[in-house]
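# Structural description and commentary
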Amino acid sequence: MSFVPEQGKMLSKEEIKKIIKEENVRFIRLQFVDINGTVKNMAVPSEQIDKVLNNECMLDGSSIKGFRSIETSDMCFYPDLSTFSLLPWRENKELGTSVARIICDIYNPDGTPFEGCPRANLKRVIKEASDLGYVLNVGPEAEFFLFNKDEYGNPTLETHDDSGYYDVAPNDKGESVRAKMVETLKKMGFEIEASHHEVAAGQHEIDFKYADALTTADNVVSFKYAVRSVASMNGLHATFMPKPVFGINGSGMHCNVSLFKNGKNAFYDANAPFQLSNEAMNVIGALLINVRSFAAITNPIVNSYKRLVPGYEAPVYLAWSLANRSALIRVPAKRGNATRVELRSPDPSCNPYLAFAVILTVAIEGIKQNITPPKQTEENIYNMTPVEREEKGIVSLPGSLEEALWEFKRNPLIKKALGEHIYNEFLLAKEKEWDDYRTKVSEWEIENYL
């Protein structure tokens with residue numbers, strides 16, 4: 001396999017056909033996500049490449065969560081040619097064949113973007129911000145666990161190692177697997193900045209370079225897809241579940257965000273306090289005001305709120321700081337074009353297209369309304385008493401998906417970010433999910449009450 005894509009570079013139809021021939025590509029996977037961010041695809045033989053490139057491949061949207069009803073189910077794949085990539089784990093060296101993928105937007109038969117496509121919706125929000133001169137860049141830090149499998153190939157809750165933060169081999173048994181993941185991602189065009197063992201046993205992190213919001217959302221989806229595939233090939237199960245094991249740290253996806261305008265970082269002002277521009281302060285203020293409302297998007301599953309509890313380094317408290325990692329929002333020390341705001345609440349179970357659409361919408365609204373944040377908090381919030389937090393006006397994130405959905409429904413800005421179709425379908429699905437969880441009898445109840 002010799003072709004390595006350059007992220008963000010739009011390939012021509014002729015270039016893609018040439019790569020397919022040179023790499024002996026047998027199948028092309030037309031990839032997209034549903035409202036939960038779950039990767040879906042349709043495999044097309046490479047002989048059908050002209051049909052793919054001319055937007056002639058169709059799907060039944062009635063069977064995809066959050067898409068269309070059976071009466072209006074015909075939909076079309078519109079491939080983004082800049083996302084063409086080979087799948088390294090599907091290379092057959094003996095036969096000399098390979099498999100490719102292209103990330104697609106979903107369109108209506110009349111040639112208009114489908115309002116329920118998370119990727120198309122993010123592009124809509126990006127266009128609105130671009131009209132005001134702003135580009136959102138995002139650098140995510142997605143953590144994950146590696147678990148052993150049982151004799152039948154099913155995942156267990158037995159972590160792959162018992163190591164801790166920044167440990168090395170032989171204690172860190174995941175070192176070699178992470179190396180394979182890094183090599184796989186590099187072949188897909190990722191620029192990997194670092195990889196290491198995280199705090200909890202069996203927990204890992206691989207960091208890749210920031211990019212614009214759309215590219216980063218594509219990268220998050222591809223990253224999770226690749227990590228799971230490489231883990232499986234090595235007899236392990238990789239999960240991005242926020243809190244798979246009680247009593248140890250959960251997995252987050254801290255998002256480092258910045259707005260650029262006219263090619264320069266709009267968050268940096270050399271003459272302002274902390275060298276943070278008015279726009280940076282507006283965004284911090286807007287995130288703090290709205291984060292409880294968009295928690296259902298950035299922390300979208302029942303299990304998300306098992307991570308967001310005090311005691312495990314989780315960002316529970318609504319405050320911002322320059323260095324203090326107990327606050328929800330932190331401003332890392334670098335300035336200039338590296339000036340950024342780190343939102344620490346999102347977890348890797350979220351749909352990145354929806355999460356970034358909401359963050360960008362809130363950020364732009366903060367600038368429009370000139371929202372200013374409260375004074376930063378540099379004290380360890382974890383050590384404060386409830387009374388001390390109340391005196392400082394520090395409240396908490398929602399404590400459950402139910403509470404998050406209640407906040408979600410109260411804020412019209414979230415509906416604006418998602419569009420009416422996604423908003424309604426997401427709410428319907430999540431209320432059903434909460435009701436299903438609420439009515440189940442758990443092992444804890446059996447142990448304590450039977």
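Up top you'll find the structure we're talking about.
Remember, predicted model here, so these are calculated numbers, not experimental data.

### So, the packing of helix H6 (residues 278-298) against helix H8 (residues 352-368)
Packed helix pairs are characterised by how far apart their axes lie and by the angle those axes make with each other. It is the contact of H6 with H8, at a shortest axis distance of 8 Å, that shows an interaxial angle of 140°. Classified by the angle their axes make, H6 and H8 are oblique. H8 is crossed by H6, and the crossing has right-handed handedness. Along its contact with H6, which presents Glu-279, Asn-282, Val-283, Ala-286, Leu-287, Asn-290, Phe-294, Ile-297 and Thr-298, the element H8 presents Leu-354, Ala-355, Val-358, Ile-359, Val-362, Ala-363, Gly-366 and Ile-367. By residue class, the composition of the contact of H6 with H8 is twelve nonpolar, four polar and one charged.

### Focus: the nonpolar core
In terms of nonpolar packing, the biggest core is built from 101 residues, with Met-181, Phe-223, Leu-259, Ile-329, Phe-408 and Leu-418 touching the most fellow members. Not counting the four nearest positions on each side in its chain, Phe-223 is found in contact with Ala-142, Phe-144, Leu-185, Phe-190, Ile-206, Phe-208 and Phe-240. In this structure, Leu-30, Leu-81, Cys-104 and Ala-120 belong to the second largest nonpolar core, which totals 29 residues.

### Let's talk about H6
Over its 21 residues, H6 runs only 25 Å from end to end, short of the ideal 30 Å by more than 12%, given 1.5 Å per residue. Of all the bends in H6, the greatest, near 70°, is centred on Val-291. The buried fraction of H6 is high, at 19 of 21 residues.

### Points about the packing of aromatic side chains
Tallied over the entire structure, the rule returns 16 aromatic pairs. Ring centres 6.0 Å apart and planes at 55° place the aromatic pair Phe-3 and Phe-84 in the tilted group. With a gap of 81 residues between them, Phe-3 in the segment before helix H1 (13-22) and Phe-84 in the loop between strand E4 (74-79) and strand E5 (85-86) connect regions that are remote in the sequence. Given a relative accessible area of 15%, Phe-3 falls into the buried group.

### Let's talk about the environment of Asn-148
Position of Asn-148 relative to the elements: it lies in strand E7 (residues 134-149). On a C-alpha basis, the gap between Asn-148 and Gly-96 in space is 31 Å, while along the polypeptide they are 52 residues apart. A polar contact of 2.5 Å, which involves the side chain of Asn-148, links it to the side chain of Glu-158.

### Remarks on unusual backbone geometry
In terms of backbone geometry, most residues other than glycine have negative phi values and most peptide bonds are trans. The phi torsion at Phe-274 lies on the positive side, around 60°, for a residue other than glycine. Secondary-structure assignment places Phe-274 in the loop between strand E14 (264-265) and H6. Phe-274 sits in the partly exposed class, given a relative accessible area of 36%. Phi is positive for Asn-370, which is not a glycine, with a value near 50°. With respect to the helices and strands, the residue Asn-370 is situated in the loop between H8 and helix H9 (386-391).

### Topic: the side chain of Asn-256
Its location among the elements puts Asn-256 in strand E13 (residues 253-261). At 3.0 Å, the side chain of Asn-256 forms a polar contact with the side chain of Glu-141. The residues contacting Asn-256, other than those within four sequence positions of it, are Asn-137, Val-138, Gly-139, Glu-141, Pro-332, Arg-340, Val-341 and Glu-342.

### What to know about the pairing of strand E6 (residues 98-107)
Judged by how many residues are buried, E6 sits mostly within the fold: ten of ten residues are covered. Of the two faces of E6, the one holding Ser-98, Ala-100, Ile-102, Cys-104 and Ile-106 and the one holding Val-99, Arg-101, Ile-103, Asp-105 and Tyr-107 are both buried throughout. In this structure, strand E1 (residues 25-33) lies alongside E6, joined through six bridges in parallel fashion. When the sheet's bridge partners are listed, Gln-31 is paired in E6 with Ile-103. Strand direction decides the pairing type here: E4 and E6, joined by four bridges, are antiparallel. By the bridge assignment for E6, Phe-77 is matched with Ile-106. Bridging between E5 and E6 involves two bridges; their strand directions are antiparallel. From the neighbouring strand, Leu-86 faces E6, where its bridge partner is Ala-100.

What counts and how
Residues numbered from 1 in each chain as written. Predicted model: local features only at pLDDT ≥ 70, side-chain atom pairs only at ≥ 80, totals over all residues. Heavy atoms only, no water. Axes fitted to C-alpha atoms, helices over the stretch in contact; angles between N-to-C directions. Helix = DSSP H or I, 4+ residues; strand = E, 2+ residues; numbered from the N terminus. Parallel < 35°, antiparallel > 145°, perpendicular 65-115°, else oblique. Left-handed = near helix turned anticlockwise from the far one by under 90°. Contact = heavy atoms within 4.5 Å. Nonpolar A, V, L, I, M, F, W, Y, C, P; charged D, E, K, R; others polar. Core = buried A, V, L, I, M, F, W, Y, C linked by side-chain atoms within 4.5 Å. Buried < 20%, exposed > 50% of the residue type's maximum accessible area, 1.4 Å probe, protein only. Expected span 1.5 Å × (residues − 1). Bend = angle between axes of the 7 residues up to and from the residue. Phe/Tyr/Trp six-rings, centres within 6.5 Å; stacked < 30°, edge-to-face > 60°. Polar contact = N/O pair within 3.5 Å; in protein donor to acceptor, adjacent residues only side chain to side chain. Pairing = 2+ DSSP bridges.

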